[in-house]
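Now for the letters of each chain:
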Amino acid sequence: MEQAALKVEDLTIAYHKKPVVEDVSFEVPEGNLIGIIGPNGAGKSTLIKGILELVPKLSGDITIKGATYKSMRKSIGYVPQRESVDWDFPTNALDVVMMGRYGHLGWLKRPGKSEKQKAMECLDKVGMAEYANRQISQLSGGQQQRIFLARALAQEADIYFMDEPFVGVDAATEKAIIQLLMDLKEKGKTVLVVHHDLSTVKEYFDWTMLLNKRLMKIGPTQEVFIPEYLQETYGGRLAILPDTKSGLLLK
Amino acid sequence: MNLLDIMTDPNTRWILLGTMFLGLSSGVIGSFAYLRKQSLLGDTLAHAALPGICIAFMLTGVKSTSFFLIGAALAGLAAVFLISVLTRYSKIKQDAALGIVLSSFFGFGIVMLTQIQQSEYGNQSGLDTFLFGQTASMVMSDVYMMMAVSFILIFTCTLFFKEFKLLSFDPGFAKGMGLPVVFLDYFIMMLIVAAVVIGIQAVGVVLMASLLITPAVSARYWTERLHIMVILSGIFGMLSGVSGTLISTSVNNLPTGPLIVLSATAWFFFSLLFAPKRGVLSSVWRRVSLKKNHSLEQERRKGRYTS
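Everything numeric here is computed off the predicted structure, so don't read it as measured data. (Residues numbered from 1 in each chain as written. Chains lettered and ligands numbered in written order. Predicted model: local features only at pLDDT ≥ 70, side-chain atom pairs only at ≥ 80, totals over all residues.)

Caption draft 1: Up close: the overall build of chain B. When helices and strands are counted, chain B shows 13 helices and 0 strands. Walking chain B from its N terminus toward its C terminus, one meets helices and strands in the order α-α-α-α-α-α-α-α-α-α-α-α-α. Principal axes of the C-alpha set define a box for chain B whose edges measure 95 × 55 × 35 Å. The long-range fraction of contacts in chain B, counting pairs at least 24 apart against all pairs at least 6 apart in sequence, stands at 71%. (Helix = DSSP H or I, 4+ residues; strand = E, 2+ residues; numbered from the N terminus. Contact = placed C-beta atoms within 7 Å.)

Caption draft 2: Focus on helix α5 (residues 94–118) of chain B. With 25 residues, α5(B) should reach 36 Å at 1.5 Å per residue; the first-to-last C-alpha distance of 36 Å fits that figure. In this structure, the buried residues of α5(B) make contact with α3 (39–60) and α4 (65–89) of chain B. (Expected span 1.5 Å × (residues − 1).)

Caption draft 3: Inspection of the pairing of strand β6 (residues 76–79) of chain A at higher detail. Residue and element names in this part refer to chain A. Side-chain alternation along β6 places I76 and Y78 on one buried face and G77 and V79 on a second face that is also buried. Relative to strand β7 (residues 159–163), β6 runs parallel, the two being bridged by 4 bridges. Along β7, the bridge assignment pairs Y78 with F161. (Buried ≥ 20, exposed ≤ 12 C-beta atoms within 10 Å, placed from the backbone. Pairing = 2+ DSSP bridges.)

Caption draft 4: Just the interface of chain A and chain B, in detail. Each partner contributes to the interface: chain A provides 18 residues, whereas chain B provides 18 residues. Partitioning the side of chain A that touches chain B into residue classes produces 11 nonpolar, 5 polar and 2 charged. (Nonpolar A, V, L, I, M, F, W, Y, C, P; charged D, E, K, R; others polar.)

Caption draft 5: Up close: the sheet that holds β6(A). Residue and element names in this part refer to chain A. The sheet built from 6 strands is open, its strands ordered β6-β7-β8-β3-β9-β10 with mixed pairing. A single partner strand is all that each edge strand has here, and the edge strands are β6 and β10 (214–220). Strand-to-strand twist in this sheet, taken as the mean axis angle between neighbours without regard to direction, amounts to 15°. (Axes fitted to C-alpha atoms, helices over the stretch in contact; angles between N-to-C directions.)

Caption draft 6: Focus on the confidence of the model for chain B. Summing up the model confidence of chain B, the mean pLDDT is 87 and the portion of residues at 70 or higher is 95%. Here the predicted complex carries an ipTM of 0.86, next to a pTM of 0.87. (pLDDT = per-residue confidence, 0-100.)

Caption draft 7: Looking closely at the sheet that holds strand β5 (residues 67–68) of chain A. Residue and element names in this part refer to chain A. Reading across the sheet, the 4 strands line up as β2-β1-β4-β5 and stay open at both edges, with antiparallel pairing between neighbours. The strands lining the two open edges of the sheet, one partner per strand, are β2 (19–28) and β5. Across 2 bridges, strand β4 (residues 59–64) lies against β5 in antiparallel orientation. Within the sheet, the bridge partner assigned to T63 lies in β5 and is T68.

Caption draft 8: Spatial organisation of the packing of helix α2 (residues 10–35) of chain B against α3(B). Residue and element names in this part refer to chain B. Taken N-terminus to C-terminus, the directions of α2 and α3 make an angle of 125°; their axes are 7 Å apart at the nearest point. Here α3 runs oblique to α2, going by the angle between their axes. Residues G30, A33 and Y34 of α2 touch α3, and the partners they reach there are S39, L41 and G42. Of the residues that constitute the contact of α2 with α3, the class distribution is 3 nonpolar, 3 polar and no charged. (Parallel < 35°, antiparallel > 145°, perpendicular 65-115°, else oblique.)

Caption draft 9: Quick peek at the nonpolar core. Membership of the largest hydrophobic core comes to 162 residues, with the highest contact counts inside it found for A:V97, B:A49, B:I192 and B:V196. The element that contributes the greatest number of residues to this core is α2(B), accounting for 12 residues. Here B:A49 is in contact with B:A72, B:A75, B:G76, B:V193, B:V196, B:V197, B:I200 and B:V205, once residues within four sequence places are set aside. (Core = buried A, V, L, I, M, F, W, Y, C linked by C-beta atoms within 7 Å.)

If you want it as C-alpha cells, here you go:
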C-alpha cells in the first residue's frame, strides 16, 4: 500500500478525568479532502489539536508520510478557529500571512522581500490582495478567515488541518474557500477539515470521518456518510429525510 | 531648584538616566505583556518580588541589586509555577489565581520586611523603600545595573521580535509551528521580572506594574503596527521616567516613584483623548461629521424632490 499521508495510532486525549478523544486510530491516503464530522463535544477540534501536539495526549503515535510528527513539522499547515485570537492585535493582513513563513525562516532571521512576496501571492490566492495593508480588526469575519487560510497556504505544507474554517463566513466566502481546498487536493495535498454542516459533506469531501469521542467510521464519503452510521455517531438524534440532491437532509 | 540647576546636579543626572532607562525597558517588555493579556501578571510578578528580595537580603546580609535580581527571579518563578498549578489542577480561573498568589506573596514579603527591620541590621537595610521606591537611595552602581538590564531587555526583544509577535498574536499557531511556547512564556516572564527588579528601587513593588502596563496601553492608541507600538511604548515609559523625576526634584519632597507613575497616567490620558483614529476626540469628531454629512445628504435629497 502507498504510504499514508497521516497515520494516527491509539490517540487518547483527556483534559480532566474523562477522555475527550479515545483510542482513535486511522490512516488517510495522500491527496484527499477529509471532513471530520460529529456532534458537539465529540472531540473534533481536540483531535486536531492532539495530532498537532497543541494539547497533551495520554497516548498515541502520529506519523506523517512514515516519519515522526516532529521531523515533519514544516510540512504541516494549520488553520485555527478564528475566535482563538484577538483580532484587535496591532498588525495588518500581510503581516499575519507572513507568519506562515516563520517556521521556514527559523530563529533570529527576519522576514524579508521573498517572504513578503510569498505572502502577497497567498493573499492573492484567497482574493485578499487589496486588503494587504488593512488592519486586521477592520476585516469582516469572512475576510479574517481568508487571511488565516492564506497564512496556512504560506506554510507551503503537504498536509493541512483546518478547524471549522466555514464558521461565520458568508456563502460566497465558503465557496471560495472550498475551491481553494479542492485546488490543494488537486496538487496532491491532504486536507483535514472540522466541519459542521452535514448538508454539504457529500459535495465537499471525498473522505469523511465520523467522530464521537471514539472513531465511528472513516472512509470514502459515499461509503461512510450513510444514515445508519450517522445515527450511530449522533446517538440517534438526527432526523434524516430522503433528499434527491445530497441524499440526506437533516432536520 | 530651577531646571538648569537640576540638569547640572550630577546626582540628579544619574537618577534621571536611571529612571529613563527603567521607563524605556519596562515600556518595551510591557507591550508584550499587555498584548498577551497578562497585565495582571506583571503586577503579580512585581509583588512577588518582595519576598524574594527579603530572602536574598536575609541570606546574604547585603543590599546588592544582583542578589535581589536572583531572589526576585526565583520568587517570580515560584509565583508563576503556583499560578499554573492552581489553574491546572483546580477549577480556579486565572484572574483569581493571580489575585491569590499576588496577595499571599506580598503578605509574606511584608512579614519578612518587618522581621528584617526589627533585626540587628535594622533600619540601615533600607528595604522598606522598596515598597514605593526611593530614587534618593539609588547609587551609581544601581544606575549601571538599570542600564545593563535595559540593554539586555531591548536587545532580546529585538532579537526575538518575530517569535514574541507570533506568540502574542496566536500561541496555538506558534506551537503548531514548533516554537517552544512554554519556554518562551517563561522567558518573557523572566524579562518582566528583570524589568520589575530594576524598577523596584525607583518605583517600588506596589506601583511597578503601572510602568509595565500604562505606556503600552498609551502606545496602542497611536498605531496599528506592533513594532511602532513597542517603540512608542518605550518612549512613553522613558518620558514618564524623565518627567516624573524632574517634577519630583523641582518640587520639594515629592516622591519620585509615584510621580513617575502619575506621569505615565498623564501620558495615557493624553493618548486616550488626542490619538488619531482610536482617541476619544477623534471618534467623537468622526461621529459628528458623519451625522452632519448624513443630514446634509438627506436635505439635498429632500430638496431635489421639492424643487
